[in-house]
Amino acid sequence: MFQLREVSKSFGGQLLFSGISWQIQGRDRVGLVGDNGTGKSTLLKILAGLESLDSGQIQQTRESTLGYLPQDCLVYNGRSLHAEVRAAREDLLTMEATIRQLELEIAGGDQITLRRYASLQEEFRQKGGYELDAEIGRVLAGLGFAEEDWQKDCGQFSGGWQMRIALARLLLIKPNLLLLDEPTNHLDLPAREWLETYLLEYPYSVLIVSHDRHFLDRVTNRTVEIWNGALHDFNGNYSAYLIARKQRIESLRAAKAKQDQEIEKIESFIARFRAKADKAALVQSRIKQLDKIVRIELPVATKSVAFTFPTPPKAGRQVMELSGIRHGYDALTVLDAIDLVIERGERIALVGANGAGKSTLMRIVSGVELPQAGTRIEGHNLQLAYFAQNQAETLNMKNSVLEEITAAAPFSMVPKIRNILGSFLFRGDDVYKQVSVLSGGERNRLALAILLLRPANLLLLDEPTNHLDMASKEVLLEALQHYTGTLLFVSHDRYFVDALSSRVVEINHGKILSCPGHYGDFIRFKQSIGDLSHSEERVEQRQSKVEKKDETFAQNDHSVRKDEKRELRKRQREIETIEGRITQLEQELSLLEEKMSDPQIAGDHNQLAPLSAEHLQSARELEELYARWEELGLT
């Protein structure tokens, strides 16, 4: 459908792509990965026609269409949200207007007009014209817009919501190839989950750049890595790619070691006999042999944040208690009668829709903001550190990196500053860079480094992974997993939340709901009490659930008891069937993983590809079966 042929591109004096040929087929779900600066966003812009090529060409079928979501979106204003999103389907709106005009003209009974009217109506139906407003409602609800937002002028929405408007327009157009550059930026967890489900059902191809590992694992079935000016294709999602990439690098290392030995022998022969006239022909032969060798290159080891948190001072059993907290702004109440006790050693994830009050609660816990009502009680020997969502913005832009961290450091930590900066990738002359020239990720790393200067037994982290790449997120996650103090954090990264949380606290309409475990446990708990607000199916199921409940109450007592017995037997049979299939799938997955780890298979793309696809399909089926099994057990 879309094909690159011998494409080359340089940017800022750096060669990004050198003669790459690659294609995207129908219904591909491709995750585009690579180190920062390798050209991921540039490749999307090339496909979108926004960047020119140095050489080569892009080919696509005549009927193909393309939609591009950049990291920085246009600002929409002057129209209501509903009108702006509806305007994305200009083709349908034009057709609708023509149909309305023809309705006025057919009163005379002209057969040509009638035939045109009937033909246009059918085309309108086939293109989804009659379902357009329903689809708009589904997409806007899925992306987190309330129905009362529909008539607001788009100019009233902030940058993050502007990105959602752009995404909604793209999803309604349904191009043959969706190019999404960090689509989950500014999306809360419910909206991310809805988008995952939407893209899984999307009828065409998707190419995604994202630092959200869970999102890539859920959505993609193919991973393409940009490295050394070329594209390296892997079957499977991001986790499957990591396994295959590690095996590929190990094979390359072995091959390079063998090649290095051969080169060393040839060079040794040349050096030994170069001066001997009777060996001149042999020496020239070896030189030509050496020139023909294509040197094997290994991927450069990914630089990432590597650090450990200082050992925190011991705190009391109860680290913090909030009682009857009420807070808001002007007439808006954000938190209402909040009670929260934080115990020593807990790792609490704060979740909720954007604007629900997560950052407000974090500021109150930190003491930065005083509540309008209620009490905040600190536990024994509390020493907290607070990383705000805009922490990087508090840095002095005129200072150098070294000056900024030195100004914040206690006297005892000054000798260790260079080591701390080194562990956050500020090495050599990097420490003399002015803060103003740093990227968003570099500023976040510097702000985190400053946080390390003082040991704390309560860490408050509000979106600490913003602007961090995948590798840096992994190392931050590992450091937090080994942190022995208490943690309260906000993150919209599902993988990060699942791997770190021991309790999930949701803020919704000013109230909080607490659930032990990780985010998956929280979703299952919400579903068990009939709340689909965090479910990926919440938009589609809300109405049908209400209707089902109404029908249940309408039955008489005898019918209810009879139906309940029948349903119980049916449920028990389904549970037994699911348990049998789960056992079978777990055995199959274990065998597949053994095969995939075999070095001979791992190095053979033709053997590995079908195994990876089968593993992905079985893993998804297993996840669905476990969800259904738990649902039946809770019913």
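Scroll up a little and you will see the structure.
Here is a short report on the structure shown in this document. Here the structure is a predicted model, which means the values were calculated and not measured.

### So, the pairing of strand S11 (residues 332–343)
Part 1: Two strands pair when backbone bridges link them, and strand S10 (residues 318–329) and S11 are joined in this way by eight bridges, in the antiparallel orientation. Across the sheet, Leu-322 pairs through a bridge with Leu-340, a residue of S11.
Part 2: Linking S10 back to S11 in an antiparallel pair, the connection comprises two residues, with Asp-330 at a positive phi of about 55°.

### Quick word on the packing of helix H5 (residues 132–142) against helix H7 (residues 189–200)
Part 1: At a minimum axis separation of 9 Å, H5 and H7 run at an interaxial angle of 135°. Overall, the two elements H5 and H7 adopt an arrangement that is oblique. From H5, Glu-135, Arg-138, Val-139 and Gly-142 reach across to H7, where they touch Ala-191, Trp-194 and Tyr-198.
Part 2: Its residues assigned to classes, the contact of H5 with H7 comprises four nonpolar, one polar and two charged.

### Focus: the pattern of salt bridges
Part 1: In this structure the tally under the stated criterion is 36 salt bridges.
Part 2: The partner of Arg-222 in a salt bridge is Asp-28, with the nearest N and O atoms 2.5 Å apart. Here Arg-222 is found in strand S8 (residues 222–227), whereas its partner Asp-28 is found in the loop between strand S2 (14–24) and strand S3 (29–33), with 194 residues between them in sequence.
Part 3: A network of salt bridges, in which partner residues are shared, links Arg-86, Glu-96, Arg-100, Glu-103 and Asp-133.

### Thoughts on the packing of aromatic side chains
Aromatic ring pairs are defined here through the distance separating the ring centres and the angle between the ring planes.
Part 1: Counted under the stated rule, the structure contains 11 aromatic pairs.
Part 2: Ring geometry for Tyr-202 and Tyr-204: centres 5.8 Å apart, planes at 80°, overall edge-to-face.
Part 3: For Tyr-202, a relative accessible area of 1% gives the class buried.
Part 4: Considering the side-chain rings of Phe-269 and Phe-273, the 4.8 Å spacing of their centres and the 50° angle between planes classify their relative orientation as tilted. Here Phe-269 and its partner Phe-273 are both found in helix H9 (residues 238–273), four residues apart, which amounts to about one turn of the helix. Accessibility assignment for this pair places Phe-269 and Phe-273 in one class, buried.
Part 5: Put simply, the rings of Trp-194, Tyr-198, Tyr-202 and Tyr-204 touch in pairs and so form one group of aromatic residues.
Part 6: Above the plane of the ring of Phe-269 lies Arg-286, whose end atom (NZ or CZ) is 4.2 Å from the centre.
Part 7: Here Arg-445 stacks its cationic end above the ring of Phe-426, 5.5 Å away from the centre of that ring.

### Some remarks on the side chain of Asn-176
Part 1: You can see Asn-176 is positioned in the loop between helix H6 (159–173) and strand S6 (177–181).
Part 2: According to the relative accessible area criterion, Asn-176 is buried, its value standing at 13%.
Part 3: At 2.7 Å, the side chain of Asn-176 forms a polar contact with the backbone nitrogen of Thr-65.
Part 4: Setting aside residues up to four positions removed in sequence, Asn-176 forms contacts with Met-1, Glu-63, Ser-64, Thr-65, Tyr-204 and Ser-205.

### Describing the sheet that holds strand S12 (residues 347–351)
Part 1: Reading across from one edge, S14-S15-S16-S12-S17-S18 is the order of the six strands in this open sheet, with mixed pairing throughout. The strands lining the two open edges of the sheet, one partner per strand, are strand S14 (384–387) and strand S18 (511–516). Strand-to-strand twist across the sheet, computed as the mean angle between neighbouring axes with direction ignored, equals 15°.
Part 2: Relative to strand S17 (residues 503–508), S12 runs parallel, the two being bridged by four bridges. Within S17, the residue paired with Val-351 across the bridge is Glu-506.

### Here's the deal with the sheet that holds strand S7 (residues 205–209)
Part 1: Pairing within the open sheet is mixed, and its six strands lie in the order S5-S6-S7-S3-S8-S9. Each edge of the open sheet is held by one strand with a lone partner, namely strand S5 (66–69) and strand S9 (230–235). This sheet shows a mean twist of 20° between the axes of neighbouring strands, independent of strand direction.
Part 2: Bridging between S3 and S8 involves four bridges; their strand directions are parallel. What sits directly across from Val-30, in S8, is Arg-222.
Part 3: Sheet strands touched by helix H1 (residues 40–47): S3, S5, S6, S7, S8 and S9. Its angle to S6, the strand with the most contacts, is close to 150°.

Rules behind the numbers
Residues numbered from 1 in each chain as written. Predicted model: local features only at pLDDT ≥ 70, side-chain atom pairs only at ≥ 80, totals over all residues. Heavy atoms only, no water. Pairing = 2+ DSSP bridges. Helix = DSSP H or I, 4+ residues; strand = E, 2+ residues; numbered from the N terminus. Axes fitted to C-alpha atoms, helices over the stretch in contact; angles between N-to-C directions. Parallel < 35°, antiparallel > 145°, perpendicular 65-115°, else oblique. Contact = heavy atoms within 4.5 Å. Nonpolar A, V, L, I, M, F, W, Y, C, P; charged D, E, K, R; others polar. Salt bridge = Lys/Arg side-chain N within 4 Å of Asp/Glu carboxyl O. Phe/Tyr/Trp six-rings, centres within 6.5 Å; stacked < 30°, edge-to-face > 60°. Buried < 20%, exposed > 50% of the residue type's maximum accessible area, 1.4 Å probe, protein only. Lys NZ or Arg CZ within 6 Å of the ring centre and 35° of its normal. Polar contact = N/O pair within 3.5 Å; in protein donor to acceptor, adjacent residues only side chain to side chain.

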